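# Coordinates in review
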Amino acid sequence: MEVDCQAEESMVSAFDEESVELGDVKDMRLEAEAVVNDVLFAVSEMHVSQSLNSASDVAYINVETREGNRYCLELTEAGLRVVGYAFDQVDENLTTQYHETVYSLLDTLSPGYREAFGNALLQRLERLKQNGQ
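Residues numbered from 1 in each chain as written. Predicted model: local features only at pLDDT ≥ 70, side-chain atom pairs only at ≥ 80, totals over all residues. Heavy atoms only, no water.

The chain carries the name Gsk3b interacting protein in an unreviewed UniProt entry, which gives Haplochromis burtoni as its organism. Per UniProt, the chain has the following entry under Sequence similarities (unreviewed entry): "Belongs to the GSKIP family." (UniProt positions renumbered as here; feature names shortened; annotations may be inferred.)

Listed below in structure tokens is the structure:
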């Protein structure tokens with residue numbers, strides 16, 4: 001009897017360890033890192049919590065707005081929401097609205113974020129305009 005291992009070998013070699021998608025389930029730890037990298041320019045501080053347990057279905061992000069307000073955010077398939085008003089703090093009694101995007105959440109929390117985001121957009125449009133001439 002002959003055994004063909006090529007199919008299994010191709011599956012292993014096709015596996016991407018840095019992939020955010022795990023089948024149909026997103027790895028929220030990797031999603032959280034992507035969220036942080038995406039908006040770090042527009043907040044004072046932002047990082048994935050090292051002391052709160054993240055998993056494939058939930059991750060926690062600490063953010064300090066430009067106004068100096070600190071929040072602990074929860075990231076799940078439902079979106080992002082504030083779960084605490086200090087780094088690494090989860091208040092189980094807090095019921096806050098989920099936001100589909102980090103942009104929407106920060107837009108409601110921080111006028112400084114809104115301004116920084118708008119300025120970054122204007123600068124990018126100016127560069128595109130200059131490169132187009």
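### Things to note about the packing of aromatic side chains
All told, the structure shown has three aromatic pairs when counted by the stated rule. Taking the centre distance of 5.9 Å and the plane angle of 65° together, the rings of Tyr-71 and Tyr-85 count as edge-to-face. Of this pair, Tyr-71 sits in strand β5 (residues 70-76) while Tyr-85 is found in the loop between β6 (79-84) and α3 (102-109), placing the two residues 14 residues apart along the sequence. Residue classification places Tyr-71 among the buried positions, given a relative accessible area of 8%. Relative to Phe-117, the ring of Tyr-113 has its centre 5.7 Å away and its plane inclined at 35°; by these criteria the two rings are tilted. Of this pair, Tyr-113 and Phe-117 both sit in helix α4 (residues 111-132), separated by four residues, roughly a single helical turn. A residue is classified by how much of its surface remains accessible, and Phe-117, at 34% relative accessible area, is partly exposed. Ring pairs connect the aromatic residues Tyr-103, Tyr-113 and Phe-117, which therefore count as one cluster. (Phe/Tyr/Trp six-rings, centres within 6.5 Å; stacked < 30°, edge-to-face > 60°. Helix = DSSP H or I, 4+ residues; strand = E, 2+ residues; numbered from the N terminus. Buried < 20%, exposed > 50% of the residue type's maximum accessible area, 1.4 Å probe, protein only.)

### What about the environment of Leu-40?
Within the secondary structure, Leu-40 sits in the loop between α2 (28-39) and β3 (45-48). Classification of Leu-40 as partly exposed rests on a relative accessible area of 38%. Spatially, the C-alpha atoms of Leu-40 and Tyr-113 are 9.9 Å apart, while their sequence positions differ by 73 residues.

### A short note on the packing of α3 against α4
Relative to each other, α3 and α4 sit at 125°, their axes nearing to 5 Å. With respect to their mutual orientation, α3 and α4 come out oblique. Along the contact surface, α3 presents Tyr-103, Leu-106, Asp-107 and Leu-109, while α4 presents Pro-111, Tyr-113, Arg-114 and Phe-117. Here the contact of α3 with α4 is built from residues that sort into six nonpolar, no polar and two charged. (Axes fitted to C-alpha atoms, helices over the stretch in contact; angles between N-to-C directions. Parallel < 35°, antiparallel > 145°, perpendicular 65-115°, else oblique. Contact = heavy atoms within 4.5 Å. Nonpolar A, V, L, I, M, F, W, Y, C, P; charged D, E, K, R; others polar.)

### Section: the side chain of Glu-64
With respect to the helices, strands and loops of the structure, Glu-64 is situated in strand β4 (residues 59-64). The class of Glu-64 is buried, set by a relative accessible area of 17%. Among the polar contacts listed, one links the side chain of Glu-64 to the side chain of Arg-70, at a separation of 3.0 Å. (Polar contact = N/O pair within 3.5 Å; in protein donor to acceptor, adjacent residues only side chain to side chain.)

### A look at the sheet that holds β6
Pairing within the open sheet is antiparallel, and its four strands lie in the order β3-β4-β5-β6. Strands with a single pairing partner mark the edges of an open sheet, and in this sheet they are β3 and β6. Strand after strand, the sheet turns through a mean of 25° between neighbouring axes, direction not considered. As defined by bridge partners, β5 adjoins β6 across five bridges and the pair is classed as antiparallel. In the sheet register, Thr-76 faces β6, and the bridge partner there is Gly-79. Sitting on the sheet, α2 touches β3, β4 and β5, and the angle it makes with β3 is about 165°. Together, β3, β4, β5 and β6 form the strand contacts of α3, whose direction differs from that of β6 by roughly 40°. (Pairing = 2+ DSSP bridges.)

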